[in-house]
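# A structural walkthrough
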Amino acid sequence: KATAYNTAVLPVMGTSDEFYLPPNAGKIESIALRILKAEAPVSRNTLIRKLLGAWGITRTGDRVDAVIAGVFKKLDKRITVDGDNAFFWLGSQDPDSYDIYRTADNQGNKRELTEIPSEEIIVAAKEVLSEQIGLTKADLIRETAKKFGFTRLGAVMTAALENAIDKAVSTGKIKNGGDKYTL
């Protein structure tokens, strides 16, 4: 169920001034689709950062947001939301039946836990529980984080894991027996 994260390698597409030209809308859309095909599910923030990076843009603003909104409307995608984070999936991907989790890429770069959709975290948590039978919430959080390469957790990362575990319990993917979590 674990696989390496696949990172989209993007060429330089042009300058920041060229980004806003209407004839480049198709190019922007094709780069967005290229990122999605390589990295989906991917956080909206990561998708935008990589998309803008191909044009040498480092900050967003009203003009950038308008171009991005137009491109995102055209993409065949599904969107899930975890807290303040939106995640873009290919239209062909089903978040409810997603069954892999992705660790660091081949260069050892890992995503922050807040950049990983809860559906993916749930898959890792279920694998932990299949190996450990039953764990307390704290142990399940710690062991799930290790699946993604994290040994130390801050409050934000812990919250992302707790959110995913709570979602797994509410959807029946994990059972909460009071003091222990099981499959």
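Given the structure is predicted, the values throughout are model-derived calculations rather than measurements. (Residues numbered from 1 in each chain as written. Predicted model: local features only at pLDDT ≥ 70, side-chain atom pairs only at ≥ 80, totals over all residues. Heavy atoms only, no water.)

Here we come to the nonpolar core. Membership of the largest hydrophobic core comes to 25 residues, with the highest contact counts inside it found for Phe 19, Leu 36, Leu 51, Leu 52, Trp 55, Ile 68 and Phe 72. Elements represented by at least two residues in this core include exactly helix 2 (25-39), helix 3 (44-53), helix 4 (62-74) and strand 4 (85-90). If we ignore the near neighbours within four places in the chain, the residues touching Phe 72 are Arg 44, Leu 47, Ile 48, Leu 51, Lys 77 and Phe 88. Counting residues in each nonpolar core, the second largest holds 23 residues, with Leu 135, Leu 140, Phe 148 and Phe 150 among its members. (Core = buried A, V, L, I, M, F, W, Y, C linked by side-chain atoms within 4.5 Å. Buried < 20%, exposed > 50% of the residue type's maximum accessible area, 1.4 Å probe, protein only. Helix = DSSP H or I, 4+ residues; strand = E, 2+ residues; numbered from the N terminus. Contact = heavy atoms within 4.5 Å.)

Between side chains of opposite charge, a pair can form when the charged atoms approach closely. Evaluation of the coordinates by the stated rule reveals 12 salt bridges. Notably, a salt bridge pairs Arg 102 with Glu 120, separated by 2.9 Å at the nearest N-O pair. You can see Arg 102 sitting in strand 5 (residues 101-103) and its partner Glu 120 sitting in helix 5 (residues 118-132), a full 18 residues away along the chain. By relative accessible area, which is 5% here, Arg 102 ends up buried. Between Glu 131 and Lys 147 there is a salt bridge; the shortest N-O distance is 3.0 Å. Of this pair, Glu 131 sits in helix 5 while Lys 147 sits in helix 6 (residues 137-147), and the two are 16 residues apart along the sequence. Residue Lys 147 is classed as buried on the basis of its relative accessible area, which comes to 19%. Salt bridges here are not isolated pairs; linked through shared partners, they connect Asp 139, Arg 142, Glu 143 and Lys 146. (Salt bridge = Lys/Arg side-chain N within 4 Å of Asp/Glu carboxyl O.)

One pass over the full model with this rule turns up 5 aromatic pairs. Among the aromatic residues, ring-to-ring pairing joins Phe 19, Tyr 20 and Trp 55 into one connected group. Above the ring of Tyr 20, the side-chain terminus of Arg 63 is found at 3.7 Å from the ring centroid. The positively charged end of Lys 110 is found above the aromatic ring belonging to Phe 150, 4.5 Å away from the centroid. (Phe/Tyr/Trp six-rings, centres within 6.5 Å; stacked < 30°, edge-to-face > 60°. Lys NZ or Arg CZ within 6 Å of the ring centre and 35° of its normal.)

Bringing the sheet that holds strand 8 (residues 181-182) into the picture now. In spatial order, the strands read 6-8-7; together these 3 strands make up an open sheet with antiparallel pairing. Of all the strands in the sheet, just strand 6 (134-135) and strand 7 (175-176) have a single pairing partner and so form its edges. Relative to strand 8, strand 6 is paired through 2 bridges, and the arrangement is antiparallel. Bridge pairing in strand 8 links Gly 134 to Thr 182. (Pairing = 2+ DSSP bridges.)

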